[in-house]
Protein chains: 2
Amino acid sequence: MNNPAQRKILALSGGVGGAKLALGLSRVMAANELTIVANTADDFEHLGLHISPDLDTVMYTLAGLNNQEQGWGLAGETWSMLAAMKQLGGETWFRLGDRDIATHLRRTELLANGKTLTEVTTELCQQLGLSQTLMPMSDDPVRTFVDTEQGELAFQHYFVREQCAPAVRGFSFKGLESASPNPALLKLLNDDILQAVIICPSNPFVSVDPILKLTGVTEALKRSKAKVIAVSPIVSGMAIKGPAAKMMKELSMPVTADSVAQYYGDLLDLFVIDESDATLVESIKQMGVAVATTPTVMKTIEDREHLARFVLEQV
Amino acid sequence: MNNPAQRKILALSGGVGGAKLALGLSRVMAANELTIVANTADDFEHLGLHISPDLDTVMYTLAGLNNQEQGWGLAGETWSMLAAMKQLGGETWFRLGDRDIATHLRRTELLANGKTLTEVTTELCQQLGLSQTLMPMSDDPVRTFVDTEQGELAFQHYFVREQCAPAVRGFSFKGLESASPNPALLKLLNDDILQAVIICPSNPFVSVDPILKLTGVTEALKRSKAKVIAVSPIVSGMAIKGPAAKMMKELSMPVTADSVAQYYGDLLDLFVIDESDATLVESIKQMGVAVATTPTVMKTIEDREHLARFVLEQV
């Protein structure tokens, strides 16, 4: 594992869905070959803590600490702080588990000490024994706001507090224009050793777009010799997890995998869809996007490894 | 309870010992008669949280939420955050319980929103159902440093991290000179309705002194018509709790109740000592300090109530 990597694979990830494929990748390739860049536009400050939901979901998942039944957070979590906070009349809509709070306290402390989010993430990952590289898309704050029928909502207010109920009209990413992409991300995109960029089956609008829309990232992706492969987050007209399908409907997009292919457009060298969507192959090809089908629903660890292997075989 | 108070009683308190008498007082007098002012020179910032150990000990004790066996912290506490923090390589020497963290998060958040520590304390106490008045000695930061043979230590480093092991040479209270005493404390000291100031059996050096040494407080105490009554924290040559006896020894003071009486000096109108120290009555009287004896060791709730009633009877 200490040998120099023979190739590099970059995965772009949001939270749960992306973390599943990232875990699969981490199990079928050398640790030093894999770099995962996570969305940080979902990050927010809450009760004075810097919370990075997508980074944490990927980190906990790769460390084997995630709560698989619940789909988010840590296994064996306790909720004493939240119970006490309720008694104190503080905010309890964001479900902060007691173990999880250690991550946020430590991150907030290290950031206050002047470390970058990349440095903090590296330290947390090392402490949890990860040998893959996980990094934030940027060290600068980018914050997703959701334009809804009830007005503009900060992402976590939309996502957690309002449980995605308000109908979506659009998105804005505050800080995006002044944020620098993670220098290590740009370096990797410009490195010939990079063989593939895998866009995980994450929400295109609020998980993947913030990464792609960082200054210079899409250009570097298009310029890169690496093969850009996206896995559809939409299967049989539904999102496996999260509000992607609901958002597409509210944005008047057909809730289909080919609609996602069209959204990513000429960025893609290959689009991977679930075998249940095989009837969409022709329409995707007609967009000029190569397409491959395989089972993409990741219920078991074998499912995750299968999809990871399948994607790597397309490189 | 909504009638105007017929009298006011002020208790000056540190942590555990003071909280015991404060609880006794709260059970034998009307809530609107009792004001407790707690030391905040033990406060510190840890993991980005504003922690007020003495305020919290009194608050938890009056709310019936304190852990009686342990002597500090909350009953039914869990320790998940600390276990996770250890895994993350962060600081774990200060035992932050999960329920306790809610208090610190809420306090830190409200302070960051511009509230004073007095306002925050009032809000926390109201949420926990307290009807007595508990307030910090000051809204300004005062921080105790302990001069030891190992050099100067911030109080919680001395008290918790080093478990009071280094021999003490003296104390300094950073910020004391520029700190304003709580305006409500000065107002009460200048109010004729104030009948007594009870100095709880707390550590004279690090719990009571920071309150007394705030600009104008000792002068106002001496000027006040209220009777100043201290209860000895030293019984039979030992401290019931905490490092008071060890400190006295290291400061070359006799570890006796009369030594405490001498330390407080002409501030006192009455000094209450344990019946086991009755042989010290004459030497205390010779200092010009009136003295009363009664059982002062508070093991049971009845002990707390007894001592509270006894002190109030001396007013």
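See the structure above.
The following paragraphs examine the structure supplied in this document.

Reading the values: rules and limits
- Residues numbered from 1 in each chain as written.
- Chains lettered and ligands numbered in written order.
- Predicted model: local features only at pLDDT ≥ 70, side-chain atom pairs only at ≥ 80, totals over all residues.
- Helix = DSSP H or I, 4+ residues; strand = E, 2+ residues; numbered from the N terminus.
- Rg over C-alpha atoms; globule rule 2.2 N^0.38 Å.
- Buried ≥ 20, exposed ≤ 12 C-beta atoms within 10 Å, placed from the backbone.
- Contact = placed C-beta atoms within 7 Å.
- Nonpolar A, V, L, I, M, F, W, Y, C, P; charged D, E, K, R; others polar.
- Axes fitted to C-alpha atoms, helices over the stretch in contact; angles between N-to-C directions.
- Parallel < 35°, antiparallel > 145°, perpendicular 65-115°, else oblique.
- Pairing = 2+ DSSP bridges.
- Left-handed = near helix turned anticlockwise from the far one by under 90°.
- Least-squares fit on C-alpha atoms with pLDDT ≥ 70 in both.
- Right-handed = clockwise from strand over helix to strand, strands pointing away.

Secondary structure summary: chain A contains 13 helices and 14 strands in total. Over its C-alpha atoms chain A spans a radius of gyration of 19 Å, differing by no more than 12% from the 20 Å that the globule rule assigns to 315 residues. Its C-alpha atoms give chain A principal-axis dimensions of about 60 × 50 × 40 Å. A buried classification covers 48% of the 315 residues belonging to chain A. For chain A, the proportion of contacts with a sequence separation of at least 24, taken over those separated by at least 6, is 66%.

Turning next to the interface of chain A and chain B. In this complex, chain A contributes 24 residues to the contact, which on the side of chain B involves 24 residues. Secondary structure elements with two or more residues in the side of chain A that touches chain B: α3 (80-87), α4 (98-112) and α5 (117-127) of chain A. For the side of chain A that touches chain B, the element with the most residues is α4(A), which contributes 10 residues. Tallied by class, the residues present in the side of chain A that touches chain B amount to 11 nonpolar, 9 polar and 4 charged.

Residue and element names in this part refer to chain A. Checked against the element boundaries, A5 lands in the segment before β1 (8-13). On the basis of neighbour count, A5 is assigned to the partly exposed category, with 15 C-beta atoms found within 10 Å. In this structure the C-alpha to C-alpha distance between A5 and K174, which are 169 residues apart in sequence, comes to 36 Å. Not counting the four nearest positions on each side in its chain, A5 is found in contact with A30, N32, E33 and I193.

Time to look at the environment of B:E33. Residue and element names in this part refer to chain B. Position of E33 relative to the elements: it lies in the loop between α1 (16-28) and β2 (34-38). For E33, a count of 19 C-beta atoms within 10 Å translates into the label partly exposed. If near-sequence neighbours (up to four positions away) are discounted, E33 is found in contact with A5, R7, K8 and I9.

A word on the packing of α1(B) against helix α13 (residues 301-313) of chain B. All names here are of chain B. Two elements in contact, α1 and α13, have axes whose closest approach is 7 Å; the angle formed by their N-to-C orientations is 75 degrees. Classed by the angle they form, the pair α1 and α13 counts as roughly perpendicular. Between α1, through K20, L21, L23, G24, L25, R27 and V28, and α13, the contact on the second element is made entirely by R304, E305, L307, A308, R309 and L312. Of the residues that constitute the contact of α1 with α13, the class distribution is 7 nonpolar, 1 polar and 5 charged.

All names here are of chain A. If you walk across this open sheet you meet the 3 strands as β7-β6-β8, and the pairing is antiparallel. For this open sheet the edge positions go to β7 (151-154) and β8 (168-174), each flanked by a neighbour on one side alone. Looking at each pair of strands side by side, their axes are set apart by 25 degrees on average, direction ignored.

Residues and elements named next belong to chain A. For the pair α4 and α5, the least separation of the axes is 9 Å and the interaxial angle reads 140 degrees. On the basis of their axis angle, the class for α4 and α5 is oblique. With respect to the hand of their crossing, α4 and α5 are arranged in right-handed fashion. Contacts between α4 and α5 pair T103, R106, R107, L110 and L111 from the former with L117, V120, E123 and L124 from the latter.

With that settled, consider the relation of the copies chain A and chain B. Of the transformation placing chain A onto chain B, the axial shift is 0.0 Å and the rotation is 180 degrees, giving an RMSD of 0.0 Å. Considering both components of the superposition, the chain copies are consistent with a two-fold axis. Judged by C-alpha distance, A:D98 is the residue of chain A that lies nearest the rotation axis, at 3.0 Å.

So, about the pairing of β1(A). Residues and elements named next belong to chain A. Within β1, 5 of the 6 residues are buried, which leaves the element mostly enclosed by the surrounding structure. When β1 meets strand β9 (residues 194-199), the two strands line up parallel, connected through 5 bridges. For A11, the partnering residue across the bridge sits in β9 and is I198. Pairing of β1 with strand β2 (residues 34-38), which is carried by 5 bridges, proceeds in the parallel orientation. Paired with L10 across the two strands is T35, which belongs to β2. The parallel pair β1 and β2, bridged by helix α1 (residues 16-28), forms a crossover whose chirality is right-handed.

Moving on, we get to the sheet that holds strand β14 (residues 290-294) of chain A. All names here are of chain A. Across the sheet, 7 strands lie side by side as β5-β2-β1-β9-β10-β13-β14; this open sheet has parallel pairing. On the outer flanks of this sheet lie β5 (133-136) and β14, each paired with one strand and no other. In this sheet, neighbouring strand axes are inclined to one another by 20 degrees on average, regardless of whether the strands run parallel or antiparallel. With 4 bridges joining them, β2 and β5 adopt parallel strand pairing.

We now examine α3(A). What α3(A) keeps buried is the set A:S80, A:M81, A:L82, A:A84 and A:M85. Contact partners of the buried residues in α3(A): α4 of chain A together with α4 (98-112) of chain B. Following α3(A) by one or two positions, A:G89 has its phi on the positive side, about 80 degrees.

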